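Notes for the structure review
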Amino acid sequence: MTLPVIQYGDPVLRKKGARVEQITPAIQQLIADMFETMEAASGVGLAAQQVGQALQLLVVDVREAKDRPSTLFLGGQPADVAEFMPLALLNPQITPLGAPVAGPEGCLSFPELYADVSRPESIEVKALGKDGQPLEFRCGGLLARAIQHELDHLNGILFIDRMGLEDRLDLKPKLDQLQFETKASLAKKAKKS
Ligand code: ZN
């Protein structure tokens, strides 16, 4: 089932995720729901915080972004990115490899907000997959950018924290408005319950 995507202004987006210690049926269901939610929103990635769960769990799928290439190396060999998608990563750890490059980013928790963010072009990833299997790979391009963006979410870091000062100033009225709307809707929900 698709889940509501948490918007900027909700404190859960600033929470550091707890490690996933066991692949329980609830975790399996959460991963399936996050895949479905990401697809329905035409997103490239989604972090557990964005569906209200502060956990070290993210999903990515770069197949639809055909104009922004990705690279993937498994065991040192080039591998097919599409076959690897959609991808769930639990307790991921990354090592930056390439020099930082600027590239456009958006976020499902910030509708219609875009800005350039600098991130290392390629990374090495160690994580558990959706069935708890150990994963180790190297990736570049959009896939590396998406994983780094989502990994930030798992630590309560948002892409606005990594934007240039000028972009952040330009976007400030929209950010303030979004935060205001989210807080108002949270207050309304709290009143009802
Ligand atoms: Zn995001």
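Further remarks concern the sheet that holds strand β2 (residues 57–60). The strands making up a sheet associate through backbone hydrogen bonding, with each pair oriented either parallel or antiparallel. Pairing is antiparallel across the open sheet formed by seven strands, whose spatial order is β1-β2-β5-β8-β9-β3-β4. Two strands lie at the open edges of the sheet, namely β1 (45–47) and β4 (77–78), each paired on one side alone. Pairing geometry for strand β8 (residues 122–128) and strand β9 (residues 134–141), over seven bridges, is antiparallel. Bridge pairing links Lys126 to Glu136 in β9. On top of the sheet, helix α1 (residues 25–40) reaches β1, β2 and β5 (87–96); it is set at about 35° to β2, its chief contact. Contacting β1, β2, β3 (70–74), β5, β8 and β9, helix α2 (residues 142–154) runs over the sheet at an angle of about 120° to β9.

Next up on the list: the pairing of strand β7 (residues 110–120). Pairing geometry for strand β6 (residues 100–107) and β7, over seven bridges, is antiparallel. Paired with Cys107 across the two strands is Phe110, which belongs to β7. Taking the residues between adjacent antiparallel strands as the criterion, β6 and β7 are bridged by two residues.

Note on placement: Glu181 falls in helix α4 (residues 165–192). Spatially, the C-alpha atoms of Glu181 and Ala144 are 32 Å apart, while their sequence positions differ by 37 residues.

This part covers the coordination of the zinc ion. Of the protein atoms, only Cys107 (SG), His149 (NE2) and His153 (NE2) coordinate the zinc ion, at distances of 2.1 to 2.2 Å. Binding-site remark: the zinc ion is held by donors from one chain whose sequence spacing is C-x41-H-x3-H. Taken together, the residues Cys107 in strand β6 and His149 in helix α2 connect sequence positions 42 residues apart.

By the definition in use, this model includes nine salt bridges. Between Glu21 and Arg19 there is a salt bridge, with its nearest N and O atoms 3.7 Å apart. Owing to a relative accessible area of 63%, Glu21 belongs among the exposed residues under this scheme. We classify Arg19 as exposed; its relative accessible area is 53%. Among the ionic contacts, a cluster of salt bridges with common partners joins Glu105, Arg119, Arg145, Asp152 and Arg162.

Thresholds applied
Residues numbered from 1 in each chain as written. Predicted model: local features only at pLDDT ≥ 70, side-chain atom pairs only at ≥ 80, totals over all residues. Heavy atoms only, no water. Pairing = 2+ DSSP bridges. Helix = DSSP H or I, 4+ residues; strand = E, 2+ residues; numbered from the N terminus. Contact = heavy atoms within 4.5 Å. Axes fitted to C-alpha atoms, helices over the stretch in contact; angles between N-to-C directions. Donors = N, O, S within 2.8 Å, 3.2 Å for Na, K, Ca; no water. Salt bridge = Lys/Arg side-chain N within 4 Å of Asp/Glu carboxyl O. Buried < 20%, exposed > 50% of the residue type's maximum accessible area, 1.4 Å probe, protein only.

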